[in-house]
Amino acid sequence: MAKLKSKDDLPDEILIALEELEKLSLDPNMRMEALNKEMWIRDQIVLSNMAKNAEIDGYTRGKAEGDLLSKYEIVKKMKTRGSDLDFIADITGLDLETIEKL
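None of the values given here were measured: they were computed from a predicted structure.

Parameters at a glance
- Residues numbered from 1 in each chain as written.
- Predicted model: local features only at pLDDT ≥ 70, side-chain atom pairs only at ≥ 80, totals over all residues.
- Heavy atoms only, no water.
- Patch = residues over 30% accessible without salt bridge, like charges linked within 9 Å, V, L, I, M, F, W, Y side chains within 5 Å.
- Areas by Shrake-Rupley, 256 points an atom, 1.4 Å probe, with all protein chains shown as cover.
- Salt bridge = Lys/Arg side-chain N within 4 Å of Asp/Glu carboxyl O.
- Helix = DSSP H or I, 4+ residues; strand = E, 2+ residues; numbered from the N terminus.
- Buried < 20%, exposed > 50% of the residue type's maximum accessible area, 1.4 Å probe, protein only.
- Axes fitted to C-alpha atoms, helices over the stretch in contact; angles between N-to-C directions.
- Parallel < 35°, antiparallel > 145°, perpendicular 65-115°, else oblique.
- Left-handed = near helix turned anticlockwise from the far one by under 90°.
- Contact = heavy atoms within 4.5 Å.
- Nonpolar A, V, L, I, M, F, W, Y, C, P; charged D, E, K, R; others polar.

Engineer: Got a sec to walk through a nonpolar patch on the surface? Specific residues and values, please.
Structural biologist: On the surface, a cluster of nonpolar side chains totalling about 290 Å² of accessible area is made up of V46, L47 and M50. One can find M50 in helix α2 (residues 31-80). Residue M50 is classed as exposed on the basis of its relative accessible area, which comes to 52%.

Structure, rendered in structure tokens:
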């Protein structure tokens, strides 16, 4: 799970809210508003982490799918050129059953 490493990784709206929180925390009469602001900031950080993780996960899945499709194209070319199926399996890492279906 990707985590924020520093304040620099935070969106501007959260950085602004952190500044507001610091100001509110100095005033004892604003304690409840400061607590509400702190909870909002925590929620935004969690959402930001979730968005980063989803982006990384989507990239990883897309790359894996693209790599597999590339292997399938290589298998098809090797088969049309008469390459041995065991050789194709060794080169691509795919199982014989998958290679035979392509």
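Engineer: Which residues make up the packing of helix α1 (residues 12-26) against α2, and what values go with them?
Structural biologist: One can describe the packing of α1 onto α2 by two numbers: an axis separation of 9 Å at closest approach and a directional angle of 155°. Comparing their axes, α2 and α1 come out roughly antiparallel. As for the relative orientation of α1 and α2, their crossing is left-handed in sense. From α1, E13, I14, A17, L18, E20, L21, L24 and S25 reach across to α2, where they touch E33, A34, K37, E38, W40, I41, Q44 and I45. Here the contact of α1 with α2 is built from residues that sort into nine nonpolar, two polar and five charged.

Engineer: Please give an account of the pattern of salt bridges that cites residues and values.
Structural biologist: Under the criterion given, the structure shown has six salt bridges. In this structure, R42 and E38 form a salt bridge, with 2.7 Å as the shortest nitrogen-oxygen distance. One end of the pair is R42 and the other is E38, both in helix α2 and four residues apart, which spans about a single turn. E38 gets classed as partly exposed once you look at its relative accessible area, which sits at 27%. A salt bridge links K63 to D67; the shortest N-O distance between them is 3.2 Å. Placement of both K63 and D67 in helix α2 is noted, with a separation of four residues, approximately one turn of the helix. With a relative accessible area of 39%, D67 lands in the partly exposed category.

Engineer: Residues and numbers for the side chain of T92, please.
Structural biologist: Mapping T92 onto the fold places it in helix α3 (residues 85-92). Residue classification places T92 among the buried positions, given a relative accessible area of 8%. Among residues more than four places away in sequence, those in contact with T92 are K71, I74, V75 and I99.

Engineer: Hey, could you go over the packing of α2 against α3 for me, with residue numbers and the actual values?
Structural biologist: It is the contact of α2 with α3, at a shortest axis distance of 11 Å, that shows an interaxial angle of 155°. Considering the angle they form, α2 stands roughly antiparallel to α3. Classified by chirality, the crossing of α3 by α2 is right-handed. Within the contact between the two elements, α2 uses K71, I74, V75, M78 and K79 and α3 uses L85, F87, I88, I91 and T92. When grouped by side-chain class, the residues that make up the contact of α2 with α3 number seven nonpolar, one polar and two charged.

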